[in-house]
Amino acid sequence: MRYLKTFAVSASLAAIAMSTSATAQEAVADQDSSQGVGAPTEATSATGLQDIVVTAQRRSENLQRVPVAVTAASQAQLTTAGITNSLSVGRLVPSTKIKEFGGRPNVFIRGVGLNDFSFNSVSPIAMYRDDAVITNAGSQNFPLFDLAQVQVLRGPQGTLFGKNTTGGAILFTSKLPDDEFEGNGSLDYGRYNLVRIQGGVTVPLADGLTSRISTFVEKRDGDNRNIFTGDRVGQLDRTSVRGIIRYHPDTSLDAVLTAGYNRDKGDYRMAKNVGLLPGGVDASGFADPQPNNPHILSYNYQEPKNVEDKYAIFNLGYKFGPFGVKSITAYDHSDAKIPCDCDGGPATLAYHRIGPVTAKEFSQELQLTYTGGGHEALLGLYYDNSKSRDFSVIGLSPSFFVGYDIFVHTKSYAIFGQDAWSITDRLTLTGGLRYTWDKYDGTHRADIVTGVDTPTEQPVGPFLPPVAGNAKFSYLSWRSTLNYRLFPEVNIYASANRGQKAGLFGFNKVFDPNARNLVSPEKLTSFEAGIKTTLFDRHLRLNGSVFHYKYDNLQVVSVSTQVAGGLPITQLQNAAKANISGVELEASASLFDHLTLSSNFGFLSAKYKSFPNGAIDPSDGSIVSYSNNRLPNAPKFTNSSSIDYDPPISNELKAQLHVDYAYTSLQYYNSAEDKAISSRKGYGLVNARVGIAEADDRWSASVWVQNLTNKKYVYEVTDSSFAGIRNDFYGELRTYGLTLAYKF
């Protein structure tokens, strides 16, 4: 309830401020512009807080004028907070959790996500890289470097974006080259022999033609120790490069070609083996010699992962009069092989090799925009063609391995459009529609294999009969929003929104042929109201939203155990219904020169309204209902707060101080609301950075620490009770280091 009191006090302060602002001069000039290829920016401000310009509505506009719940961060903010990869963005956003599960990212926004480790499944949260959707799971975990901005949109998206989603979208926008030769670079050295080098340089090639090359390299020893081998484990080994060529001869034409490569050869982060049998042993009789130290492990299979991603994106935009056209063409190719000793012990009770997985995706989006007569309109066409093939192996004993050959081919077509009509200079009505056609084709084989991880690996007989599946889906999505500018610095909005996600077959690593069933499309209807304010002469930005979701046929992964055989059934299925309600508050305050405080809060109530066929009780074979259970990865309370202080030391130098804190309350990791398969309790993480810089930020030197209090926390749990174990995944220990940065 403390959060609700905070929200009430903040709302009261906003109301008092609004009463004095009706006659005030407008603090923020309109920065809306018709859509182009150009990246979002943070506009400068003479006093107080800076304006934040986003592209959440596919055009550049002030964040405070956008009737959507969106959080944005610049590259400078990401660097200061120590956020270096796509999985870490969630700690800046209310009601948002991002983690790695089974080698692939799992994203949850406001309780909406998919807790599945299959590389063939598609998340209800879309990721975009330079306006192009990233569907392949092997392409979604990448370093963040040389960016213009990251934006996290909460709620269904579809009437403006090519990919239709029920939960939200995350937009990663690269820094574009301009007409000047310039660049930047940084070097980090830290605990566990961390070395991180990143930088980018812009080189003009001709009049209107520029280029930029950026790179990122990170290597680090592990923060855990495997006493079975004596090695440090959890090492990092990432390399990325991105090149951009831009032709921008005038304001009407903007053509951007982007190509990049990401490689990850670090360790799969292993879990702590927790024996569930009498005496704290697993099925092999192993008992952890250091059960109270989550960073001392003992397991027998240790191999690094190998994940590669290659991509190319061509953005072409042209404006003529009130119209604009844009084409987004993208190709992505990822390969992944991720070995995992899933029992986390010295005996082979549960082995899982993810891959090799090969995924290819081609997408094409066309947009026509119109600005004039009080209208901001967009009409779009979208096409996506994705293929993936997964050759994974699961070992259930030292001599029994099941190999899977899973092929999935999906095609998606859509027409979508949205129009924002300014009825008056204060009142805007927005309406949008989308119609989508999805086609799914796939095959699934499960064979007994021998010679695993050797050149002689081969199938020797069927474990399950092969099966093929194909299906077609079509559905309508829509959006309606009413936005009213109460005062120049205060906007309120109310919206209703429908998002849908295509159906699919449960072609996963399953042991029951009935688990390969067809799963219907899920549907989410969102109702939201919000307020966005810029108060006290631009010294306070206070945004809030309340929302309610009606979630039908949501796609969930459940794990139960057969009475006969004892093997786990991992099954993708439709839960009947869920209700999600919440309140979010985001605030930034410039208290005086050089000091900024920021904080966001999220309160979430996410429960299954009806989920009668949740699982099978292994004791008697009865059906277990999950109705009224909390949704997984949906903590009731989240908070992220930070302090930034950069006072001048002299005319040439300034100090830099940053401290941030992120808190997450108890969250469950399965639909059973099982306390053992949860974070056990809430946890908070503190990070800090202290440094010195030239007044114009040409160079800087800083020391930093992540997880300052050395907090031990569980970010994921898997149930392997068939092998007498539970796997607890712990976050990283305290790390610290030094950063040297230079711009030219």
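These numbers come from a predicted model, not from an experiment.

Analysis parameters
Residues numbered from 1 in each chain as written. Predicted model: local features only at pLDDT ≥ 70, side-chain atom pairs only at ≥ 80, totals over all residues. Heavy atoms only, no water. Buried < 20%, exposed > 50% of the residue type's maximum accessible area, 1.4 Å probe, protein only. Helix = DSSP H or I, 4+ residues; strand = E, 2+ residues; numbered from the N terminus. Pairing = 2+ DSSP bridges. Polar contact = N/O pair within 3.5 Å; in protein donor to acceptor, adjacent residues only side chain to side chain. Contact = heavy atoms within 4.5 Å. Salt bridge = Lys/Arg side-chain N within 4 Å of Asp/Glu carboxyl O.

K.L.:
Hey, could you run me through the pairing of strand E43 (residues 725-730) in this one?
P.N.:
It is a general feature of regular strands that their side chains alternate between the two faces of the sheet. Along E43, six of the six residues are buried, which leaves the element largely enclosed by surrounding structure. Here E43 shows two buried faces, one formed by Ile725, Asn727 and Phe729 and the other by Arg726, Asp728 and Tyr730. Of the pairings in the sheet, the one linking strand E18 (residues 272-275) to E43 comprises four bridges and is antiparallel in character. Considered in E43, the bridge of valine 274 is made with arginine 726. Here strand E42 (residues 714-720) runs beside E43; their pairing, made up of six bridges, is antiparallel. Paired with threonine 718 across the strands is asparagine 727, a residue of E43. Two successive antiparallel strands, E42 and E43, enclose a turn made up of four residues, where glycine 724 displays a positive phi of approximately 75°.

K.L.:
Looking at this structure, how should I read the side chain of asparagine 639?
P.N.:
As for its position among the elements, asparagine 639 is in strand E38 (residues 637-645). Assessed through its relative accessible area of 10%, asparagine 639 is described here as buried. Looking at asparagine 639, its side chain comes within polar contact range of the main-chain oxygen of asparagine 600, at 2.8 Å. Setting aside residues no more than four positions away along its own chain, asparagine 639 makes contact with Ser599, Asn600, Phe601, Tyr661, Ala662 and Tyr663.

K.L.:
Even after reading the chapter, I still don't get the pairing of strand E35 (residues 595-610), so can you show me in this structure?
P.N.:
The sheet contact formed by strand E34 (residues 577-592) and E35 spans 15 bridges and is antiparallel. Within the sheet, the bridge partner assigned to serine 588 lies in E35 and is serine 598. Between the antiparallel neighbours E34 and E35 lie two residues, among them histidine 594 with a positive phi of about 80°. The pairing of E35 with E38 spans nine bridges and is classified as antiparallel. Pairing of phenylalanine 601 across the sheet is with asparagine 639, part of E38.

K.L.:
Please clarify how the sheet that holds strand E14 (residues 224-226) should be interpreted in this entry.
P.N.:
Adjacent strands of a sheet pair through backbone hydrogen bonds, lying either parallel or antiparallel. Across the sheet, which stays open at both edges, the three strands sit in the order E15-E14-E19 with mixed pairing between neighbours. The open sheet has two edge strands with one neighbour each: strand E15 (231-233) and strand E19 (296-297). Looking at chain direction, E14 and E15 are connected through three bridges and run antiparallel. Its bridge partner lying in E15, arginine 225 is registered against arginine 232.

K.L.:
Would you explain the pattern of salt bridges in this entry?
P.N.:
Any two side chains of opposite charge can pair if their charged atoms end up close together. Enumeration over the complete set of coordinates arrives at 39 salt bridges. Taking the shortest distance from any N to any O, the salt bridge between arginine 58 and glutamate 365 comes out at 3.4 Å. Here the residue arginine 58 occupies a position in the loop between strand E2 (51-54) and strand E3 (61-62), and glutamate 365 occupies one in strand E22 (residues 351-372), the gap between them amounting to 307 residues. For arginine 58, a relative accessible area of 4% translates into the label buried.

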